[in-house]
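# A structural walkthrough
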Amino acid sequence: MLNVKKPVTHYLYPSLSLLLIWFIFIWLFAPAFSDNNGQQTKITVIEEQSKTIDAFVNQSVENGSGLIRKEMRYWELEGLFSSKKTEYIHAIFAQGSVVREETYYFHESAVIRVVIHKFWDVDNEKDAPSPPIKQDFIVNDNQIIRRIYTIEGTKAITKTDSTRRPADTLAARANTFALALTTTDTEDDALEYLETFTFESFP
């Protein structure tokens, strides 16, 4: 029986096929695994933490205890504090028809998530100068690791930015609100510089 030597391609094609499948797998799924040292995992954990805080706040509202409330200038503030740590702050700014809600979530008194929603208090949404805008900031170690920008409406437009940026401005706002809620002699104009907030649009 003749021992016919098989061409190299006989062995090469299966290897190339396996290699191609491997590269496709890496291309499709590697970002989910690497994701900047588990950034997606951090985001998921923070989102779950904020849901837990929301549930606790809702329970506190039902029980009629736990939340500190205060009205100052154009603001309505409420916050949840435990063991001298800030857990949650909700601030509503209303001047004319402009309404802006700012919600801050904390872990060990450090900001982990900020949701800011701007809309118009009008009887007919068609009378609003612009559609509502919502920004959702995920924060880790005083760094914004994800920002979700949504223009609401019939055809909502949502864009996501995962560029890391300092969260100093958000942390400073949160700390000012916390101080206003926990200090008895805070003056009404203490929040004046917080009345504006820049809603950065995506290019």
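Look a little higher up for the structure.
Throughout this description, residue numbers start from 1 for each chain and increase along the sequence as written. Where totals are concerned, whole chains, interfaces and linings use all residues; where local detail is concerned, this predicted model gives features only for residues with pLDDT of at least 70, and gives and counts side-chain atom pairs only at 80 or more. Side-chain descriptors were evaluated using all non-hydrogen atoms of the structure, hydrogens and water having been removed beforehand.

## Comments concerning the nonpolar core
Our working rule: To form a nonpolar core, buried Ala, Val, Leu, Ile, Met, Phe, Trp, Tyr and Cys residues must be joined to one another through side-chain atoms within 4.5 Å. Burial classification: accessible surface area is computed with a 1.4 Å probe over protein chains only, and a residue below 20% of its type maximum counts as buried, one above 50% as exposed, and the rest as partly exposed. In DSSP terms, a helix is any run of H or I states spanning at least four residues, a strand is any run of E spanning at least two, and both are numbered starting from the N terminus.
W75, L77, F137, L170, F177 and L191 are the most contacted members of the largest nonpolar core, which totals 27 residues. Counting only elements with at least two residues in this core, the list comes to β2 (75-82), β3 (85-95), β4 (98-107), β5 (110-120), β6 (133-140), β7 (143-151) and α2 (168-182). Looking at this core, the element that brings in the most residues is α2, giving six residues. Residues L80, I112, V115 and I145 belong to the second largest nonpolar core, which totals twelve residues.

## Section: the packing of aromatic side chains
The following threshold applies: Here the aromatic set is Phe, Tyr and Trp, taking the six-membered ring for Trp, and pairing holds for ring centres within 6.5 Å; pairs whose planes are under 30 degrees apart are stacked, those over 60 apart are edge-to-face, and all others are tilted.
Throughout the structure, instances matching the rule amount to six aromatic pairs. Relative to F93, the ring of W75 has its centre 5.1 Å away and its plane inclined at 50 degrees; by these criteria the two rings are tilted. You can see W75 sitting in strand β2 and its partner F93 sitting in strand β3, a full 18 residues away along the chain. For W75, a relative accessible area of 2% gives the class buried. With a relative accessible area of 4%, F93 lands in the buried category. Here Y104 and F177 contribute two aromatic rings whose centre-to-centre distance is 5.8 Å and whose plane-to-plane angle is 55 degrees, an arrangement assigned as tilted. Placement of Y104 in strand β4 and of F177 in helix α2 is noted, with a sequence separation of 73 residues between them. Of the residues examined, Y104 reaches a relative accessible area of 0% and is grouped as buried.

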